[in-house]
Every structure is written in C-alpha cells, then in structure tokens.
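Descriptive analysis of the structure
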Amino acid sequence: VSRARTTVFRHLPLGAKLLALSTTLVIVTAMATSIASYRFARESLLERIEDQLRGVTDERRRSLIQYLDHQGDRIRLIGSRTWLRRHVATLTESPGDQAALLDSQTILLDAQRSLENIRRITIIDSERMVLTSTDSSQLGQRIDLPFIPRPDASLHVGLPRSTPDGYRLSIAAPLRWNRREIGTIVVTVDAEPLQELVRPPTQASSSQTVLGFRDPRDSVLLLVPRRTELETVNIALDPAYPISRALMGDAGFGRANDYRGVDVLAAYAPLAHGWGVVSKIDAAEALAPIADLRTRLMLITGFVTLLGLGLAHLVARALRRPLIDLARTVNALAAGGLETRAPVRSNDELGELAKAFNVMAAELEGSQRTLAERAAALAISNEQLRHSNDELRRFSRAASHDLQEPLRMVSSFVQLLERRYAGKLDARADRYIHFATDGARRMQAMIRGLRSYAEADESDTLSEVVDCNRVVRDAIANLQLLIEETHAKVQVLPLPRISGNADQLTRMFQNLIDNALRYRGTATPLIEVGARTEGEDLIVYVRDNGIGIESTFHARVFEAFARLHNHSEHDGSGLGLAVVDRIAARHGGRITLESKPGVGSTFSLRISTNRVAS
Amino acid sequence: MNHPPHILHVEDNPGDADLVGMILRETEAHPDIQVVSDGLQALAYLRRKDGFEQAKRPDLVLLDLNLPRMDGRELLKVVKRDSDLCRIPVLVLTSSDAPDDVDFAYALHANAYLQKPETIPELEAMAQAIVRFWFEFNVSG
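Throughout what follows, the structure given in this document is the object of discussion. Just so it is clear, the structure is predicted and the values come from calculations on it, not from any experiment. For every chain, the first residue of its written sequence is number 1, and the numbers climb from 1 along that sequence. A letter from A marks each chain and a number from 1 marks each ligand, given out in the order of writing. In keeping with the predicted nature of the model, local features appear solely for residues at pLDDT of at least 70, side-chain atom pairs appear and are counted solely at 80 or more, and the whole-chain, interface and lining totals rest on all residues. Hydrogens and waters are ignored; side-chain quantities use all the structure's heavy atoms.

**Some points on a nonpolar patch on the surface**
Candidates for patches are residues over 30% relative accessible area with no salt bridge; among them, like charges are joined within 9 Å and nonpolar side chains (Val, Leu, Ile, Met, Phe, Trp, Tyr) within 5 Å. Note on areas: these come from Shrake-Rupley sampling with a 1.4 Å probe, and a residue is covered only by the protein chains present in the view. Any Lys or Arg side-chain nitrogen located within 4 Å of an Asp or Glu carboxyl oxygen qualifies as a salt bridge. Nonpolar side chains collect at one region of the surface, where Ile300(A), Phe303(A), Val304(A), Leu307(A), Leu311(A) and Leu314(A) lie side by side and expose about 560 Å² of accessible area between them. Helix and strand definitions follow DSSP, with helices as H or I runs of at least four residues and strands as E runs of at least two, each counted in order from the N terminus. Note on placement: Phe303(A) falls in helix 8 (residues 288-334).

**Points about the sheet that holds strand 16 (residues 526-534) of chain A**
Residues and elements named next belong to chain A. Overall, mixed pairing links the five strands, which are arranged 14-16-17-19-18 in an open sheet. Of all strands in the sheet, those bounded by a partner on one side alone are strand 14 (489-492) and strand 18 (590-596). Averaged over all neighbouring strand pairs, the angle between strand axes comes to 20°, with direction disregarded. A contact between two residues is defined here by any heavy atoms of the two lying within 4.5 Å. In this analysis, axes come from line fits to C-alpha atoms, helices being fitted only over the stretch in contact, and the angle between any two N-to-C directions falls in the range 0 to 180 degrees. With respect to the sheet, helix 14 (residues 576-586) is in contact with strand 18 and strand 19 (600-608), its orientation differing from that of strand 18 by roughly 135°. One requirement defines pairing of two strands: DSSP has to find at least two bridges between them.

**Things to note about the packing of aromatic side chains**
Between the rings of Phe, Tyr and Trp (Trp by its six-membered ring), a pair exists once the centres lie within 6.5 Å; its type follows the angle of the planes, with under 30 degrees stacked, over 60 edge-to-face, and the other angles tilted. Under the criterion given, the structure shown has four aromatic pairs over all chains. Note on Phe558(A) and Phe603(A): the rings are 6.0 Å apart at their centroids and 90° apart in plane angle, and the pair reads as edge-to-face. Pair noted here: Phe558(A) is in the loop between strand 17 (537-544) and helix 14 and Phe603(A) is in strand 19, with a separation of 45 residues, a long-range link. Judged by its relative accessible area of 2%, Phe603(A) is buried. Considering the side-chain rings of Phe133(B) and Trp134(B), the 5.0 Å spacing of their centres and the 80° angle between planes classify their relative orientation as edge-to-face. Of note, Arg86(A) hangs over the ring of Trp83(A), and the distance from its end group to the ring centre comes to 4.6 Å. Cation placement over rings: the criterion is NZ of Lys or CZ of Arg within 6 Å of the ring centroid and within 35° of the ring normal. The lysine or arginine in question, Lys424(A), covers the ring of Tyr421(A), its NZ or CZ lying 5.9 Å from the ring centre. Per-residue accessibility, obtained with a 1.4 Å probe over protein chains only, is compared with the maximum for each type, and a residue is labelled buried under 20%, exposed over 50%, and partly exposed between these values.

**What about the sheet that holds strand 3 (residues 60-63) of chain B?**
Residue and element names in this part refer to chain B. Pairing within the open sheet is parallel, and its five strands lie in the order 2-1-3-4-5. With one partner strand each, in any of the chains shown, strand 2 (32-36) and strand 5 (112-115) form the two edges of the open sheet. Adjacent strand axes in the sheet meet at a mean angle of 20°, parallel and antiparallel pairs treated alike. As defined by bridge partners, strand 1 (residues 6-10) adjoins strand 3 across four bridges and the pair is classed as parallel. Bridged to Val10 within strand 3 is Leu63.

**Digging into the environment of His487(A)**
All names here are of chain A. Mapped onto the secondary structure, His487 falls in the loop between helix 12 (480-486) and strand 14. A residue is classified by how much of its surface remains accessible, and His487, at 58% relative accessible area, is exposed. Distance from His487 to Pro525, taken between C-alpha atoms, is 7.2 Å for residues 38 residues apart in sequence. Each residue touching His487, except ones within four places of it in the same chain, is listed here: Thr524 and Pro525.

**What about the interface of chain A and chain B?**
Contacts between chain A and chain B engage 15 residues on the former and 18 residues on the latter. The term buried area denotes the loss of accessible surface (1.4 Å probe radius) that occurs when two parts are joined, taken as the sum for both partners. Counting the surface lost from both chain A and chain B, the interface buries some 1400 Å², and carbon and sulfur atoms represent 44% of this. A per-residue breakdown of the area chain A buries against chain B is headed by Arg408(A), Arg419(A) and Arg420(A), which together make up 34% of the total. At the junction of chain A and chain B, the tally comes to three salt bridges. When residues of the side of chain A that touches chain B are traced back to their parent elements, those giving at least two are helix 9 (349-421) and helix 10 (427-455) of chain A. In this classification, Asp, Glu, Lys and Arg are treated as charged, Ala, Val, Leu, Ile, Met, Phe, Trp, Tyr, Cys and Pro as nonpolar, and every other residue, Gly included, as polar. Partitioning the side of chain A that touches chain B into residue classes produces three nonpolar, six polar and six charged.

**Re the pairing of strand 8 (residues 219-225) of chain A**
Residue and element names in this part refer to chain A. In terms of burial, strand 8 is largely enclosed, as seven of its seven residues are buried. Residues Ser219, Leu221, Leu223 and Pro225 of strand 8 are buried on one face, and the alternating residues Val220, Leu222 and Val224, pointing to the opposite face, are buried as well. For strand 7 (residues 208-214) and strand 8, the ladder comprises four bridges, and the chain directions are antiparallel. Residue pairing in the sheet places Arg214 in a bridge with Val220 of strand 8.

**Section: helix 8 of chain A**
All names here are of chain A. For a helix, the expected span equals 1.5 Å multiplied by the residue count minus one. End to end, helix 8 covers 67 Å across 47 residues, agreeing with the expected 69 Å (1.5 Å per residue, within 8%). Ile290, Leu297, Thr301, Thr305, Gly308, Ala312, Ala316, Pro322, Asp325, Leu326, Thr329 and Leu333 are the residues of helix 8 that are buried. Contact partners of the buried residues in helix 8: helix 2 (14-79) and helix 9. Just downstream of helix 8 lies Gly336, where phi reads positive at about 110°.

**Notes on the environment of Arg42(A)**
Residues and elements named next belong to chain A. Checked against the element boundaries, Arg42 lands in helix 2. For Arg42, a relative accessible area of 27% puts it in the partly exposed group. Between the C-alpha atom of Arg42 and that of Pro289, which follows or precedes it by 247 residues, the distance is 9.0 Å. Among residues more than four places away in sequence, those in contact with Arg42 are Arg255 and Ile290.

**A closer look at the nonpolar core**
Residue and element names in this part refer to chain A. Nonpolar cores are built from buried Ala, Val, Leu, Ile, Met, Phe, Trp, Tyr and Cys residues. Side-chain atoms within 4.5 Å join them into one set. Grouped together as the largest cluster of nonpolar side chains are 40 residues, with contacts concentrated most on Ile78, Leu194, Leu211 and Trp275. In this structure Ile78 touches Leu84, Leu108, Ala111, Leu115, Ile118, Ile121, Ile185 and Val187, once residues within four positions along its chain are discounted. Counting 39 residues, the second-largest nonpolar core is a separate cluster that includes Leu450, Cys468, Val471 and Leu495.

**Some points on the side chain of Asp258(A)**
Residues and elements named next belong to chain A. By the secondary structure assignment, Asp258 is in the loop between strand 10 (252-257) and strand 11 (263-270). In this structure Asp258 comes out as buried when scored by relative accessible area, which is 5%. Side chain to side chain, Asp258 and Arg260 meet in a polar contact 2.8 Å long. The contacts of Asp258, once residues within four sequence positions are left out, are Tyr241, Val264 and Lys280. Whenever a nitrogen or oxygen atom comes within 3.5 Å of another N or O atom, the pair is scored as a polar contact, on the condition that within protein one atom can donate a hydrogen and the other can accept it, and that pairs from neighbouring residues in sequence are kept only if both atoms are in side chains.

**Let's talk about the pattern of salt bridges**
Under the defined criterion, the tally for this structure stands at 39 salt bridges over all chains. Close ionic contact of Arg54(A) with Glu50(A) constitutes a salt bridge, the shortest N to O distance being 2.8 Å. In this pair, Arg54(A) and Glu50(A) are both assigned in helix 2, four residues apart and thus about one turn of the helix distant. The partly exposed category is assigned to Arg54(A), whose relative accessible area is 33%. Salt bridges here are not isolated pairs; linked through shared partners, they connect Glu405(A), Arg408(A), Glu11(B), Asp16(B), Asp64(B) and Lys116(B).

The following block contains the structure:
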C-alpha cells in the first residue's frame, strides 16, 4: 500500500506535491499547537477552579465550624448555670416540683432573651421526657430527638428542618450535675445564619456551596441555598455524589454529577457532627472559557490551514511557472524555434537556471546559424561548381560536335585532294597534303576522345549488373583490327559481375587495352585482364609488356591531352586515360598504375567489393 | 530505268553538297542531282512553285536536318503529311548521331537515317549502297 501511495505521490504534479506537503505540515502544526494550548488552558483553568473551590470550601468549612463551635459554646453557657442544673436535678428526681420547674423556666427564658436567634430551649431526661422548656406546651411530653445521640459527644447537631417560620436547627448537649448526666439541653435555633454562610457570592453564577447532613437512615439531607432561603433535598448516600464523599470523611476535588444530575466541578470536605460541605460550579459554566477557546482555536486552525494552503499554492505556482516556461522553451527549441528564450522571472536558482539555459540556447542558435551559413555557403559553391561543371560539359559537347563539322570538311577535301591529285603536283605539294590529312585525322581522334570524355560524365545509370567478362569481350571486339595488326595476345581471366554502366565500362577497358596496344614495345604484345580482391577492394587489372611509364609521369598520364610521347611515335586522342580515370571515379573507384619502363604497365581499377553483384 | 535517277539534295553546306554530289555522280547510276540550300526552297522545288515551275519530280530526297529558314525536321513533316509527296523516299543525311534526332526522323516517317561519313572511302561506300539499294533493288511506285 505504501509503495502504491509513493508511486501515486511520484506521479502527482510538482504543485500538488508541494500543496500536499505544506498542507500536511500546516495542519499538523496548527492542530498540535491548538491541542497543546487547549490542554494547557484547560489544565490551568481546572487548577484555578480547583483552587478557588477548595478555597471557598475551606472558608465555608471554617465558618461553619466556627458557627457550630459558637452554638456549642452557647449551649454550654446555658448548661453551666448552677441553678438551672440544680432545678433540673430536682426535676429528675421529682418531676412535679412546680418551684423548680418555674425557676428553671425563668432561667431558660432569661437565657433565651440574652442570646440571639434562640427559639426554644428544652431540657429532656434520658427517656426523652421534657423536664423543662421555654415552651410550656412541651412540658410532660416525650419528644423525638432530631439527631442521633452519640455517647461520647459533647455536642449533638440535628438536621435543619423547615417550619412555617423558617429553618430551624436543633443542637443538643448533655447536662451534668455532680459528674452525673442529668439530662440533655436541646436548643432550637434559627438557621438563618447558616443561610448566610452558604449564600452564593453572586446570583449569576452557578457556583454555590451546599451543606449536607447524614441522617439516621444513612441518606443525605442537602441544604441548598436558594435566592432568599434554603431548600432541603434528600438523596442517597452514593459515593458518586461529592457530598456523599464528604460525609464519608473524605476531602477532595473532582468532576461529577451532582444531585440534579448536572455535570459539576466540586470541592468537598467533611465537617464535624456528621456534616459535609461542597462548593461546586456547573462544568458547563466553569469550562465555558475553554469551550470558547476551543471554538476559537478551531477557527484559528482552519484559518491558518487555509492561509497555508493559499501560500503553498502561491509558492507552488511561483516554482512551477518558471519550470513550465523552461519546459515549453526546451520543447520549442527542440522543435526548431532556436530564437525562443525562457523568461527570467526571479533571481533565485530557477532564475539562474533560466539564464544559464538562455546562454546555452543563444550559443546553440549562434552555432546553428554559423552551421547554416556554412551549409548555405557550401551549397552556393556546390551549386557554382555544378553550374560550371555543367557549363564545361555543355561546352565540351558543343565544342566537340561543332568542331567536328568543319574538321570533316577539311579532312574530306584534303583526302579528296590526296586521292585525286597525288603525283599530279610536285613532291612538296604531296608532302604538304600528307601533313594536312594527318593533322586532320589526329584532330578527329582528339575530338572523338573529347566527346567520350564529356559523355563519361553524363547521367547514365550506374546500377545495372554488368558482367565484366562480356564488357572486356566487347572492348576486344572493338579493337580487333588493331589487335590483328599488332599480333597481340590478349588473355582474359575470369572476371566478376559488378553493378555499374556497361557502356562506360566497355569504353574503359577498350581505352586501357588500346593504350596497352599503342604503347607496345618491340616484343609481341601480351595483355592480361584479371581480377582479385584486396581487403575491402575489388581490383580489375589490365597488364601489358609494353614500353612502361617513367614513375615521374605516373600522376600525369590521367590528365587530359597529357601526351608523354611524340605524336609521330604513338598515336592517340590524348584523352584515353583521362576518360578511364573519369569512368572509374563515376563508379566510386579509382585507377592506379604500376609501371617500369621497358618491362610493362599494370592499370588497376579499385572499387569497393560492395559493388560486386551476385 | 531509262533515264538517270533524279535526286534532290537539301544541304546548306556547299562543301558537303559538292562532296556528296561528286561521289554520287561517280557511281554507276550517274544520278542527276539538284541541290537546294533550305527547306522552303526544297518545298518550292517539290511543289514546282516560286521559280521551280520546271522542276522534275525527284526519285529520292537527301535531307540535312540543320537548315536555315525551314529546317529539315519541319520539311520532313510537311512532305510526309502530303498525300502526294509522301511517296518520295527521303533519306536523312546529317552529321548528328543524337538518338533524339534519329527517333524524331523515323517518327516522321523518314525512309532512312544516315550519318555523314568522316572519310572519303566511307562516303564512297555509302554512295554505292544508296544507289544500289534505291535505284537497283528498290521497286519504286
């Protein structure tokens, strides 16, 4: 899968790659930053809330303990009155003692008057029978204890209870006389101060302090402050509730569902006398800044991502454009638009690349232009050469033809003169006529040579299959008269078939054999025509035993009209070997000469074995 | 053949005309040769017009190709398209051996194409051949 993904990534365009890369970087960075800052903010907020709630809890706890201690002090102050204790002791022994009852009632009423918020003071015996009370209606009755009496406790605190006149709280303390417990003082007080103690600092906030009391049936009575009063709520002693944990003796901080089922942050602590205190705030409210922060962070992350995308897109485009321009320029250049240049858009590496490329393109264009100029110059001189060649060929053809006509006249009439008037004039005239006929005859031979030299260059086909045996046979047939005259022996060894022009090759061999016959020595002329291969070359040679050629003249023999001999000695057009050279060149070959004066000459045609036909 | 054959030689070169005429006259047939130097004159002669009203109808025409005014090719064309004149044999006698000229002449129904020989013996041989072929063996209409 990862390989496939890599391949896909490789096939993406550069812009998309950059976009993907920078998007990933931006998103990861933005998300990581957001999450980290969110966590940090949340932690510190929670810490602050914990500190605050713990602080409130501690303060409330201290106030409540102080309040309860104060109540205990007040009860003990009442119980410390000697006469009261004496009257109560009397009443325990003789319940009907009116004097003791009245006196004790007087003392209690006095105490009630002197102390604030005390609604009723009652003293009961161990059987919960009322011994004396500020409320006469209670006398002689058995009352329910509003608290769980604990044997060793010096103070009992009951549960707050609602009355039409407001909340009441019963606090009790044992009453002793002569180291003996003679009864219990039960004081009913207004719970208004408690309300003050747990009153929320502001109404707007959901933060509040709740008091909890563990009742005898192990359920929890909650005292919840309302706007102007307190409200009691009963819930189970479930450790999921913070108040339950406080009532079980734990102090701490945590997040939980409160009695309303609302998610809250709460600090809890136990109080004395089975009380617990909880300071709490709705998590939704407490964490509102965090939720706000989260929303903002998400917005910022989104914005940063979009910004990153935009920037990446711009950067990608800035990178891609010069590259695309360059690629387009390269293509245009390759297609022949040598004047095309890459635009230089920046001073960075891409700009450097474009500049370097332009330098290269300029050099390419320059060298291409030089090349084109040279080629054009070459084409022009080629054309001039071809033109002058054509001109020369036309000239030689026209010259040979046009010269032939008057020469034929000269020759014919001189011949006529020779035939008709020989012996009829004087001897000197005969000699003159002879010189004239001879001159005319040689001139005719030269003109014939010139024509064949010109014709050797005509555009005859050079690709027919030519059997050299046959060509040489034809050449020999054309020279039959001269061969018979000179009693020459011509031996032809097996020759190959080559691709070329039969007429031209016939002329070539004819000229070579003619040359051998013409420049014969005193011995019987022996001429051999044969072939062999030398590496990549095919060699067809004509060897004679003639007079041979001095090596200093070897190069000159192939020139036109380059005669090495006096014309009276050896007759010829002066063009025979020039024609041979020309025909050899036309066949992509060349003619070489090996010769020794007095021994003989060998003329060899060297052509590529590629020309050998099967 | 009772009277000597009559040959019209169309040739602008007086030397050639002299030479060919002389060699032909020396043959056994001893032909009667009339020379004209261009195509227009030849045509006038053949049609007996413009000063040639007394001309004889030739038994043979020897025609050079390169002529002033009307050249041999043009004359050949006119003669061979003429329903009467086309019966007169026309031998092209010229110095050119260019294949184009040969093809052209035969395409215009020339009766033979001869190249002017370069030596007197050759010329004599040719003259003999012409005379023997056209005046001895050939049965004319």
